[in-house]
Amino acid sequence: SSLLTVALARLCLLDQLFALTIALALGAWLLVHQRVWSRRGLWSFWAAAGLSTMVKGPAALVMIGLVIFTYAAVSRQWKVLPATLSAVGLAVFAAIVLPWHIAVQNATGGSFLREFIVHQNLQRAMGKDFHHNQHFLFYVPVYLAAFLPWSVYIPRAWSSLVHVRPSDKNGAASLFLGIWLAVVIVLFSLLRSKLPSYIYPALPPSALLIGALFAQ
């Protein structure tokens, strides 16, 4: 029911599907980390990460990886990083990602990865796409507008729920959601090429934080 969701529902873009697959991946990871799911849940995590990579390429792994790494650093739980690895999960990820990429790379005579990885990802991130270049703080007002009317509750939710040293599982989940939200905004703010729709993966953790606030 946020403003950006209503707007994107009328557009044919990949950002909605990207946000969904990111949410599936990080949601599965959190459920495994909090032992709501067994370690087999990592298969779902890696499957969702594979689908997210199919939607937006390496940006998916960067975003997912940064959220988990930052959470490990802030919570001082470095053991979660090797615990994320799963032989079956990695096989599922490879089965989803590799066949299509190999096929299209062969079909384009080797030019696909150069165009997709170098131009569409690296060069755009560095500001080679001058049509979409914006200043660093571009996403602060965009995020607040995108998540209306619920963004008015974000300061309260953040101050009430997100703590560096949580006391229980609910607190740890809220810290994870806060980091997820912050990583998306900071990551896309660092990239020079910016569009309002890019910020959409920040809305699922925002909605969950608001839900946790209302549940209190």
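Our structure is the block above this text.
Residues numbered from 1 in each chain as written. Predicted model: local features only at pLDDT ≥ 70, side-chain atom pairs only at ≥ 80, totals over all residues. Heavy atoms only, no water.

Is there a simple way to explain the nonpolar core in this structure?
What tends to happen in soluble globular proteins is that the nonpolar side chains get buried as a cluster. In this structure, Phe45, Tyr143 and Ile199 are the most contacted members of the largest nonpolar core, which totals 58 residues. In terms of residue count, helix 10 (residues 169–190) provides more of this core than any other element does, 13 residues in total. Those residues within four positions of isoleucine 199 in sequence are excluded, and the remaining contacts are Leu4, Tyr139, Val142, Tyr143, Ala146, Val184 and Ile185. (Core = buried A, V, L, I, M, F, W, Y, C linked by side-chain atoms within 4.5 Å. Buried < 20%, exposed > 50% of the residue type's maximum accessible area, 1.4 Å probe, protein only. Helix = DSSP H or I, 4+ residues; strand = E, 2+ residues; numbered from the N terminus. Contact = heavy atoms within 4.5 Å.)

I tried to follow the packing of helix 2 (residues 15–33) against helix 3 (residues 41–56) on my own but got confused; where do I start?
The description of two packed helices rests on the angle between their axes and on the distance between the axes. Where helix 2 meets helix 3, the closest approach of the two axes is 8 Å, and the angle between their N-to-C directions is 160°. Our classification of the angle between helix 2 and helix 3 gives roughly antiparallel. Where helix 2 crosses over helix 3, the handedness of that crossing is left-handed. Along the contact surface, helix 2 presents Asp15, Leu17, Phe18, Thr21, Ile22, Leu24, Ala25, Ala28, Trp29 and Val32, while helix 3 presents Gly41, Leu42, Ser44, Phe45, Ala48, Ala49, Leu51, Ser52, Val55 and Lys56. When its residues are assigned to classes, the contact of helix 2 with helix 3 shows 14 nonpolar, 4 polar and 2 charged. (Axes fitted to C-alpha atoms, helices over the stretch in contact; angles between N-to-C directions. Parallel < 35°, antiparallel > 145°, perpendicular 65-115°, else oblique. Left-handed = near helix turned anticlockwise from the far one by under 90°. Nonpolar A, V, L, I, M, F, W, Y, C, P; charged D, E, K, R; others polar.)

When you look at helix 3 in this model, what are you seeing that I'm missing?
Since the α-helix packs 3.6 residues into each turn, any two residues three or four apart lie on the same face. For helix 3, which comprises 16 residues, the first-to-last C-alpha distance of 23 Å matches the rise-based estimate of 22 Å (1.5 Å per residue) to within 8%. Along helix 3, the residues classified as buried are Gly41, Leu42, Phe45, Trp46, Ala47, Ala48, Ala49, Gly50, Ser52, Thr53 and Val55. Two residues or fewer after helix 3 comes glycine 57, characterised by a positive phi angle close to 75°. (Expected span 1.5 Å × (residues − 1).)

Even after reading the chapter, I still don't get the environment of proline 205, so can you show me in this structure?
Looking at the element boundaries, proline 205 is found in helix 11 (residues 203–215). Overall, the relative accessible area of 0% leaves proline 205 in the buried class. In this structure, the C-alpha to C-alpha distance between proline 205 and glycine 89, residues 116 residues apart in sequence, is 24 Å. Every residue in contact with proline 205, bar those within four places of it in the chain, is listed here: Leu177, Trp180 and Leu181.

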